[in-house]
Amino acid sequence: MKILVTGVKGQLGYDVVQEGESRGLDMFGTDVDNMDITNAGQVKQVIEAYKPDAVIHCAAYTAVDAAEDNQELCRKINVDGTRNIAEVCKDMDIPMMYFSTDYIFNGQGENFWKEDDPKKPLNVYGQTKYEGELAVQELVEKYFILRISWVFGVNGNNFIKTMLRVGPQRGEVGVVADQIGSPTYTYDLAKLVIDMIQTDKYGAYHVTNEGICSWYEFACAIFKQAGLDVKVNPLTTAEYPAKAARPSNSRMSKDKLINAGFEMLPSWQDALSHYLKQTIIL
């Protein structure tokens, strides 16, 4: 199977290509240097030249706070870029996988969000990712939409790396304790992605590592597993002002994933342990 992957230099794209190659698949990783997704002509040229059996679209503008001040660029990448890819997948009649986010929901309450629940993004990033979803659904018949949250991987920046950098420097950190969700390890996610792309079980799914926690609890676990003596102070969202609004409830139901027969990802605690070993922290 030939698979084209966008965003190969990012956390998820990198792991998806590695996982596919480890299974003997023909993987072609692209990034802005060899396929600018905002350039419709280039997208069409590159994808048609490679003739993939499917496209896994990992590239995205993910700087949530910066997106508030760079709305045009964020939309150009997350919406227009996604549409450019979807147009080619439609013309070639091949499956497309798109990654969305928990940020498409309003983040209220304590229930687990289901795939078809109403969408009401709180920030520019969430809005553009939702508009990307709509473009994929409108154009591609054979689509997968995977909504993920709190992503971390070896390749790129993430919350864990930030904590491990600033924690030992300062001796203590303040972390929001009233935003609840589930971390997603790209190494684990990539395995499911490669499993799924080889099926015809199309549709929208929620995918994260198992279990829920607050950012505060996540930070505590990071320092504990890494063997670092760093004090973590719980903060409210109001005490930690950010440019972009964040959802307080990012719990997502994975019933659809279970019913489709896919294997659940490991617990986020196990994922964290594996990640720390992979990054030679332990």
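Our subject is the structure that appears above.
Residues numbered from 1 in each chain as written. Predicted model: local features only at pLDDT ≥ 70, side-chain atom pairs only at ≥ 80, totals over all residues. Heavy atoms only, no water.

## Some words on helix α6 (residues 159-170)
Keep this limit in mind: Numbering of helices and strands starts at the N terminus; helices are DSSP runs of H or I of at least 4 residues and strands are runs of E of at least 2. Helix span, expected: 1.5 Å multiplied by one less than the number of residues in the helix. Each residue gets one of three labels from its accessible area relative to the maximum for its type: buried under 20%, exposed over 50%, partly exposed in between, using a 1.4 Å probe on protein chains only. For the purposes of these results, a polar contact is taken to be a pair of N or O atoms within 3.5 Å, where, inside protein, one atom must be able to donate a hydrogen and its partner to accept one; residues adjacent in sequence count only when each atom of the pair is a side-chain atom.
With twelve residues, α6 ought to run about 16 Å at 1.5 Å a step, and its terminal C-alpha atoms sit 16 Å apart, in line with that. Taken together, the buried positions of α6 are Phe-159, Ile-160, Met-163, Leu-164, Val-166 and Gly-167. With a side-chain oxygen lying 3.0 Å from the backbone nitrogen of Ile-160, the N-terminal cap of α6 falls on Asn-158. Phi turns positive one or two residues past the end of α6, at Gly-171, with a value near 85°.

## Remarks on the state of the cysteines
Note the threshold: The disulfide criterion used throughout: a pair of cysteine sulfur atoms within 2.5 Å.
With the rule as written, the count across this model stands at zero disulfides. Here Cys-58 is not cross-linked by a disulfide; its sulfur's nearest cysteine counterpart is in Cys-89, at 13 Å. A relative accessible area of 15% places Cys-58 in the buried class.

## Examining the nonpolar core
What counts here: In plain words, nonpolar cores are sets of buried Ala, Val, Leu, Ile, Met, Phe, Trp, Tyr and Cys residues tied together by side-chain atoms within 4.5 Å. The contact criterion used is simple: two residues touch if any of their non-hydrogen atoms lie within 4.5 Å.
Within the largest apolar cluster, 31 residues are counted, with the highest numbers of intra-cluster contacts made by Ile-47, Ile-85 and Val-140. At the level of elements, α2 (40-50), α3 (64-67), α4 (71-92), β4 (96-101), α5 (124-139) and β5 (143-148) are the ones that each hand at least two residues to this core. Sorting elements by how many residues they give to this core places α4 first, with six residues. Beyond its immediate chain neighbours, meaning those up to four positions away, Ile-47 contacts Leu-4, Met-35, Pro-52, Val-55, Ile-85, Val-88 and Met-92.

## Some remarks on the pairing of β4
Defined as follows: Only when DSSP finds a minimum of two bridges between them are two strands counted as paired. Handedness is read with the strands pointing away from the viewer; a crossover is right-handed when the path from the first strand over the helix to the second is clockwise.
Extensive coverage of β4 is indicated by the burial of six of its six residues. Burial of β4 is two-sided: the residues Met-96, Tyr-98 and Ser-100 facing one way and the residues Met-97, Phe-99 and Thr-101 facing the other way are all buried. For β4 and β5, the ladder comprises six bridges, and the chain directions are parallel. When the sheet's bridge partners are listed, Thr-101 is paired in β5 with Ile-148. For the crossover that starts at β4, traverses α5 and ends in the parallel β5, the hand is right-handed.

## Quick word on the pattern of salt bridges
Note the following rule: The term salt bridge refers to a pairing of a side-chain nitrogen on Lys or Arg with a carboxyl oxygen on Asp or Glu at a separation within 4 Å.
Going through the model one piece at a time under the given rule, you end up with twelve salt bridges. Asp-65 is paired through a salt bridge with Arg-246; the nearest N and O atoms lie 2.6 Å apart. You can see Asp-65 sitting in helix α3 and its partner Arg-246 sitting in the loop between β12 (231-235) and α9 (255-259), a full 181 residues away along the chain. For Asp-65, a relative accessible area of 28% puts it in the partly exposed group. A salt bridge links Lys-254 to Glu-210; the nearest nitrogen and oxygen atoms lie 3.4 Å apart.

## Things to note about the packing of aromatic side chains
Applied cut-off: Aromatic rings from Phe, Tyr and Trp, with only the six-membered ring used for Trp, were paired whenever their centres fell within 6.5 Å, and each pair was classed as stacked if the ring planes differed by under 30 degrees, edge-to-face if by over 60, and tilted otherwise. Charge-over-ring contacts are defined here by two conditions on Lys NZ or Arg CZ: a distance within 6 Å of the ring centre and an angle within 35 degrees of the ring normal.
Per the counting criterion, the structure on display carries 15 aromatic pairs. By the ring-pair criterion, three or more aromatic residues cluster together here, those being Trp-150, Phe-152, Phe-159, Tyr-185, Tyr-187, Trp-215, Phe-218, Trp-268 and Tyr-275. Positioned above the aromatic ring of Phe-262, the side-chain terminus of Lys-201 is 5.2 Å from the ring centre.

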